[in-house]
Amino acid sequence: MSQQLFTLDYLDTPPTAVAGAEPAQDVRVSPATRTGRQRKLYIESYGCQMNFSDSEIVSSILFDEGFDTTEQLADADLVLLNTCSIREKAEQTVRMRLSQINSHKKRNPGMLVGVLGCMAERLKSKFLEEEKLVDLVVGPDAYRDLPNLIREVDGGQKAVNVLLSRDETYADITPVRLNSNGITAFVSIMRGCDNMCSFCVVPFTRGRERSRDAHSIEQECRDLVAQGYKEVTLLGQNVDSYKWASEDGTEHVNFAQLLERVARISPELRVRFSTSHPKDITDEVLYTMGRYENICKYIHLPAQSGNSRILKLMNRTYDRAWYEERVQAIRRILGPECAISTDMISGFCSETEEEHQDTLSLIDWVQYDMAYMFFYSERPGTLAARKLEDDIPLDVKKRRLQEIIDLQQKSSFARNQQAVGKVHRVLVENFSKRSQEHLSGRNSQNQVVIFPKKHYKKGDYVNVFVHTGTGGSLLGDAVE
Ligand code: SAH
Ligand code: SF4
Ligand code: F3S
């Protein structure tokens, strides 16, 4: 969901040790809002886009409770870490960060520290025992309770709420957009996950799948358009199983229909979505994408493995032939230009060298535009942890991962080369990181395009002729 080309688990940068004030990379820190509220909230978010989105909901709830956000840890009255449990490394990163924050708290005992998100849900009150300086532990479905919990903490107690819900979607809460470029925004359309992929902790930390009221999604998108936003990404762990019905039962909306409703809000609004599950993505969704120019031609379709036996052990409920058929459907209905990306896991329980080769051959066959790649990390409580042996040595997992990365790099490069010599419609999001004379945006396929700015500005749609494809981005010139 982020724009980086590769995610290397073993390159996850640990928090720097400098004075205990620097957050790790791949972390979102709340920017400052200065509306004269009494107390200051510093919130750091780890993990996936859904967590980043939740931090915007938390900020909104606490804004109404008298908290401005700050980007300075030292200024904060309340420090919240919105945490991720997906791999062991993610949890280690948060623990290191907590110990840095705790040394701040020793110097500033009035500062309250809370843990939110998936680690809070996984470890529950154990957190308070393990990390004595944490005051507050709140799971992903309990954020409405934050004002009460903070009052308890103000009264000198520790507070925990990790109840999961079957219906909480925070539908009525307008997120405070943090780290926003004012052009692109994420809109959560569902929560939780009902799939039980054997490696995955998410069903345990996020609870049952539930879909948000379609009208509230449309309204949020309309409001974003009114504020000048040009792109929304509809978010869920498995968007293709979105399913909402009105209380009186007269209205039923599936994901294809929701996509269409959002796409019709304005032809100037780009629509993206993530994540699609290979077992659920329908031709109806693909045809809907084809009918609307403003639905971006980019599908994140995580395969996890290219081998059917491993996919079965992973409980992904599709096999390689099914996955290949879905890719062919994308190519047939949307053409070869539609970008496809994936997530891959190396070294899952009992994976042989031949089975690993199947993952490589799938990457070669699909020619993914982009991939997030990880080595398997056993998570306590998951089906795999209970039933399967984590028997692939770390060095083998890492070597296989490196082979996957090397091959994917070639594939990304080849896909970038295919974009050269063509004109792309680019939505400008920002200045280029390297130069204020260049703008940076993305085409429909989610490729980053950099070009000399001339008279163009953030939020413009610009036709750009691409002359060079590098590893990570495309370089070009605006055509009038
Ligand atoms: N709902 C999304 C994935 C969410 S988690 C989907 O079904 O595709 C993001 C990615 O993290 C997963 O796709 C998987 O590749 C990776 N992941 C999840 N659990 C993992 C584990 N235990 N070890 C290594 N990678 C894992
Ligand atoms: Fe995890 Fe599978 Fe659900 Fe994705 S679909 S969140 S990998 S259980
Ligand atoms: Fe997301 Fe990490 Fe939780 S990936 S759903 S924050 S475990």
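In this text the structure is predicted, and so the values were computed from the model without any measurement.

Quick notes on the rules
- Residues numbered from 1 in each chain as written.
- Chains lettered and ligands numbered in written order.
- Predicted model: local features only at pLDDT ≥ 70, side-chain atom pairs only at ≥ 80, totals over all residues.
- Heavy atoms only, no water.
- Helix = DSSP H or I, 4+ residues; strand = E, 2+ residues; numbered from the N terminus.
- Rg over C-alpha atoms; globule rule 2.2 N^0.38 Å.
- Buried < 20%, exposed > 50% of the residue type's maximum accessible area, 1.4 Å probe, protein only.
- Pairing = 2+ DSSP bridges.
- Near = heavy atom within 4 Å.
- Nonpolar A, V, L, I, M, F, W, Y, C, P; charged D, E, K, R; others polar.
- Axes fitted to C-alpha atoms, helices over the stretch in contact; angles between N-to-C directions.
- Contact = heavy atoms within 4.5 Å.
- Domains from an automatic or database assignment.
- Buried area = accessible area lost by both parts, 1.4 Å probe.
- Salt bridge = Lys/Arg side-chain N within 4 Å of Asp/Glu carboxyl O.
- Core = buried A, V, L, I, M, F, W, Y, C linked by side-chain atoms within 4.5 Å.
- UniProt positions renumbered as here; feature names shortened; annotations may be inferred.

(A) Region of interest: the overall build of the protein. Each helix and strand in the protein was counted, giving 14 helices and 22 strands. Since a compact globule built from 480 residues should have a radius of gyration of about 23 Å, the 22 Å found for the protein is in line with a globular shape. Taken along the three principal axes of its C-alpha coordinates, the protein extends 60 × 55 × 55 Å. Within the span of the protein, comprising 480 residues, buried residues form 57% of the whole.

(B) Inspection of the pairing of strand 4 (residues 78–83) at higher detail. The buried fraction of strand 4 amounts to 6 of the 6 residues, a majority that puts the element mostly inside the structure. Side-chain alternation along strand 4 places L78, L80 and N82 on one buried face and V79, L81 and T83 on a second face that is also buried. The pairing of strand 2 (residues 39–45) with strand 4 spans 5 bridges and is parallel. Bridge pairing links S45 to N82 in strand 4. Bridge count for strand 4 against strand 5 (residues 112–116) is 5 bridges, and the pairing is parallel.

(C) Quick look at the site of ligand 2. Around ligand 2 sit C193, N195, C197, F199, C200, V202, P203, Q237, H277 and R316, and those are all the residues in its vicinity. A class-by-class count of the residues in the shell around ligand 2 yields 6 nonpolar, 3 polar and 1 charged.

(D) Highlighting the sheet that holds strand 11 (residues 231–235). The strand order 8-11-14 describes an open sheet built from 3 strands, whose pairing is parallel. Where the open sheet ends on each side, the last strands, each with one partner, are strand 8 (184–188) and strand 14 (270–274). Ignoring strand direction, the axes of neighbouring strands in this sheet form an average angle of 25°. Pairing analysis gives 5 bridges linking strand 8 to strand 11, with the strands arranged parallel. Note on strand 11: the bridge partner recorded for S188 is L235. In the packing of helix 1 (residues 49–63) onto the sheet, the strands contacted are strand 8 and strand 11, and the crossing angle to strand 8 comes to about 90°.

(E) Here's a closer look at the domain arrangement of the protein. Domain annotation of the protein identifies domain 1 (27–161), domain 2 (184–417) and domain 3 (423–478). Computed from C-alpha coordinates alone, the two centres of domain 2 and domain 3 are separated by 26 Å. Contact residues are listed per partner, giving 18 residues for domain 2 and 18 residues for domain 3. Where domain 2 abuts domain 3, roughly 1,400 Å² becomes buried across the two surfaces, and 38% of that area is made up of carbon and sulfur atoms. Among the residues of domain 2 in contact with domain 3, K230, R270 and N416 are the three that bury the most area, contributing 40% of the side total. Taken together, the links from domain 2 to domain 3 amount to 3 salt bridges. Across the salt bridge formed by R425 and E293, the nearest N and O atoms sit 3.9 Å from each other.

(F) Local environment of the nonpolar core. L234, Y242, F255, L258 and I299 are the most contacted members of the largest nonpolar core, which totals 67 residues. Here I299 is in contact with F273, S276, I281, L286, M289, I330, L334, C338, A339, I340 and S341, once residues within four sequence places are set aside. Within the second largest apolar cluster, 24 residues are counted, among which are Y46, M119, V134 and V137.

(G) Spatial organisation of the site of ligand 3. Close to ligand 3 lie C48, N51, C84, S85, I86, C118, V202, R206 and Q237. Partitioned by chemical class, the residues of the shell around ligand 3 number 5 nonpolar, 3 polar and 1 charged. Among the domains, domain 1 (27–161) and domain 2 (184–417) are the pair contributing at least three residues each to the shell around ligand 3.

(H) Main features of the UniProt feature "binding site: [4Fe-4S] cluster 1" (unreviewed entry) in the protein. With numbering aligned to this structure, UniProt lists the feature "binding site: [4Fe-4S] cluster 1" (unreviewed entry) at C48, C84 and C118. Considering the C-alpha atoms alone, the annotated residues occupy 71 residues of sequence yet fold into one spot, their largest mutual distance being 10.5 Å. Examined against the element boundaries, C48 turns out to sit in the loop between strand 2 and helix 1. Note that C118 resides in helix 3 (residues 117–123).

(I) Inspection of the sheet that holds strand 15 (residues 298–300) at higher detail. Spatial strand order, 15-16-17: 3 strands in an open sheet with parallel pairing. Every other strand in the sheet has two partners, leaving strand 15 and strand 17 (370–375) as the edge strands with one partner each. Strand-to-strand twist across the sheet, computed as the mean angle between neighbouring axes with direction ignored, equals 10°. Two elements, strand 15 and strand 16 (residues 339–346), share 3 bridges in a ladder whose sense is parallel. Bridged to H300 within strand 16 is S341.

(J) Highlighting the pattern of salt bridges. Under the definition given, this model contains 42 salt bridges. The closest approach of N and O atoms between R425 and E268, which form a salt bridge, is 4.0 Å. Placement of R425 in strand 18 (residues 423–431) and of E268 in the loop between helix 8 (255–263) and strand 14 is noted, with a sequence separation of 157 residues between them. Relative accessible area serves as the criterion here: at 34%, R425 is assigned to the partly exposed category. Between D369 and R415 there is a salt bridge, with the nearest N and O atoms lying 3.0 Å from each other.

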